[in-house]
Amino acid sequence: MNAIAQAVAVREDFGGTSTTLAVQETASSAVAAQAKAMVEARYVMAMRRPRQWDQVRQDLLKECRRPSFANNKSAYYRKPIGKGVEGLGIRFVEVALRCMTNVLVETTMIFEDETKEVHRVSVTDLESNVTYPLDVRVTKTVERSSPSDDGSYISVRKNSWGKNTYTVPGTEDDILNKRAAQVSKAIRTLGLRIIPGDLQDEAEEIIKSVRLNEAARDPDAERKRIADAFGEIGVKAADLSAYLGHALDTCSPAELVDLRGIYGAIRDGESSWKSVMENKAEQAGKGGSESKALPTCSDESFDKKKAVWRKAVEGGKPVNDLIAMIQTKELLTSDQKIEIASWANGGEKQP
């Protein structure tokens, strides 16, 4: 009887075909062999089924065109830093990595004591054999407005309102939420280093365009959805009006898109409403006088210039970028912004 017939297992790997005979193994050697087999199997499958970039692009952009995905708070966010920092979120990264295939995401706890955990998050492109690792530190404490039930606390500080904020040990749920949030941020950061930049740029334009089109199609419904979403995180409609500088019911589609991005950043723990308002006040202090000096674009001026602007949109320029560029020189009315938004689909101004 030959060796293959006597073998307990036959495996194909980088060295060819190998056989495992019936020998006594320790638990540690069995675990090591299993880990090695799993790693080799992933790379072998990546070699046998390489990704097709045209198919990856097609699948990813198809996902981005779905309104339910484009409007997801974690697909695209806007941080209130300076004039605004926008970026693709964890939901986009998850979908993109799934469309790419042959990408391995791993999370391993490498240290733990009574006060903290350290997790190593890594994202590996199995086809190019490129790995990006990142260590994430998760403290086992949370901040509360009052001490623990028994009156104990680890430390206390004064917050910006002059009130005491206590650091207390976190519950299992607190630590679980912190761990998940930190790991998700790490995966997003590392995943964006794997996903090609041109795909990110295309996806970003589509997501912003879909959001703007949805807002322009039915501004009232979109405004209500956004107001309800902010209400769930403790931000009132009056607070939104204070941020905008006018009544909520006069929002332009571009402003609704801006609010949705801010909501995503707050909901994902990237920002807070307090920091949003502080940044708004800071920007108003720096450039408020300049903004007030800008003239409003008249209907006659808009009719003269819109042919050139529309050609830019039809040529691929994002609607938000065009509006932002125009408003560095003159302010647009809500109707003018809605008409510009309708050009993204080749439509005319909606009644």
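Refer to the structure presented above.
Residues numbered from 1 in each chain as written. Predicted model: local features only at pLDDT ≥ 70, side-chain atom pairs only at ≥ 80, totals over all residues. Heavy atoms only, no water.

Undergrad: Sorry, what's going on with the overall build of the protein here?
TA: In terms of helices and strands, the protein carries 14 helices and ten strands. Within the span of the protein, comprising 351 residues, buried residues form 37% of the whole. Contacts spanning at least 24 positions in sequence make up 61% of the contacts within the protein whose residues lie at least 6 apart. Carbon and sulfur atoms form 51% of the exposed surface of the protein, whose accessible area is close to 20500 Å². (Helix = DSSP H or I, 4+ residues; strand = E, 2+ residues; numbered from the N terminus. Buried < 20%, exposed > 50% of the residue type's maximum accessible area, 1.4 Å probe, protein only. Contact = heavy atoms within 4.5 Å. Areas by Shrake-Rupley, 256 points an atom, 1.4 Å probe, with all protein chains shown as cover.)

Undergrad: Would you take a moment to explain the packing of aromatic side chains for this structure?
TA: Think of a pair of aromatic rings as described by two things: how far the centres are apart, and how the planes are tilted against each other in angle. Summed over the entire model, instances satisfying the criterion amount to five aromatic pairs. Relative to tryptophan 273, the ring of phenylalanine 230 has its centre 5.8 Å away and its plane inclined at 70°; by these criteria the two rings are edge-to-face. In this pair, phenylalanine 230 sits in helix H8 (residues 219-232) while tryptophan 273 sits in helix H11 (residues 273-293), placing the two residues 43 residues apart along the sequence. Tryptophan 273 shares its class with phenylalanine 230; the two are buried. By the ring-pair criterion, three or more aromatic residues cluster together here, those being Phe230, Tyr243, Tyr263 and Trp273. (Phe/Tyr/Trp six-rings, centres within 6.5 Å; stacked < 30°, edge-to-face > 60°.)

Undergrad: What's the story with the sheet that holds strand E7 (residues 130-139) in this structure? I'm lost.
TA: Working definition: the strands of a sheet are paired by backbone hydrogen bonds and lie parallel or antiparallel to each other. The sheet built from three strands is open, its strands ordered E5-E6-E7 with antiparallel pairing. The two strands at the open ends of the sheet, each matched to only one other strand, are strand E5 (103-112) and E7. Taken over all neighbouring pairs, the strand axes of this sheet differ in orientation by 20° on average, direction set aside. In this sheet, strand E6 (residues 116-125) lies alongside E5 in antiparallel orientation, the contact comprising nine bridges. The residue of E6 that forms the bridge with threonine 108 is arginine 120. (Pairing = 2+ DSSP bridges. Axes fitted to C-alpha atoms, helices over the stretch in contact; angles between N-to-C directions.)

Undergrad: Explanation requested: the pairing of E6 in the structure shown.
TA: When a strand is regular, its side chains alternate between the sheet's two faces. Of all ten residues in E6, nine are buried; the element is thus mostly enclosed. Between E5 and the antiparallel strand that follows it, E6, lie three residues. In terms of strand pairing, E6 meets E7 through ten bridges, oriented antiparallel. Its bridge partner being in E7, histidine 119 is matched across the sheet by valine 136. The antiparallel hairpin formed by E6 and E7 contains four residues in its connecting segment, where asparagine 129 sits at a positive phi of about 60°.

Undergrad: Please clarify how the nonpolar core should be interpreted in this entry.
TA: Most often, soluble globular proteins keep nonpolar side chains buried together rather than apart. In this structure, Leu60, Cys64, Phe69, Phe92, Val121, Ile195 and Ile207 are the most contacted members of the largest nonpolar core, which totals 32 residues. Those elements that place two or more of their residues in this core are helix H3 (53-64), helix H4 (67-70), helix H5 (90-100), E6, E7, helix H6 (172-194) and helix H7 (197-217). By residue number, the principal contributor to this core is H5, which donates eight residues. Setting aside chain neighbours within four positions, we find cysteine 64 in contact with Phe69, Ala70, Phe92, Ala203, Ile206, Ile207 and Val210. By size, the runner-up hydrophobic cluster in this structure holds 17 residues, among which are Ile226, Cys251, Leu256 and Val276. (Core = buried A, V, L, I, M, F, W, Y, C linked by side-chain atoms within 4.5 Å.)

Undergrad: Before we go on, may I ask you to explain the pattern of salt bridges in this structure?
TA: Pairing is possible between side chains of opposite charge, provided their charged atoms come close. The tally for this structure, following the rule as stated, stands at 17 salt bridges. With a closest N to O distance of 2.8 Å, lysine 140 and glutamate 112 form a salt bridge. Placement of the pair is lysine 140 in the loop between E7 and strand E8 (141-144) and glutamate 112 in strand E5, with a sequence separation of 28 residues. We classify glutamate 112 as partly exposed; its relative accessible area is 44%. For aspartate 174, the salt bridge goes to arginine 144, with nearest N and O atoms at 3.2 Å. Highlighted residues: aspartate 174 in helix H6 and arginine 144 in strand E8, separated in sequence by 30 residues. A relative accessible area of 17% places aspartate 174 in the buried class. Within this structure, Arg51, Asp125 and Glu127 form a network of salt bridges that share partners. (Salt bridge = Lys/Arg side-chain N within 4 Å of Asp/Glu carboxyl O.)

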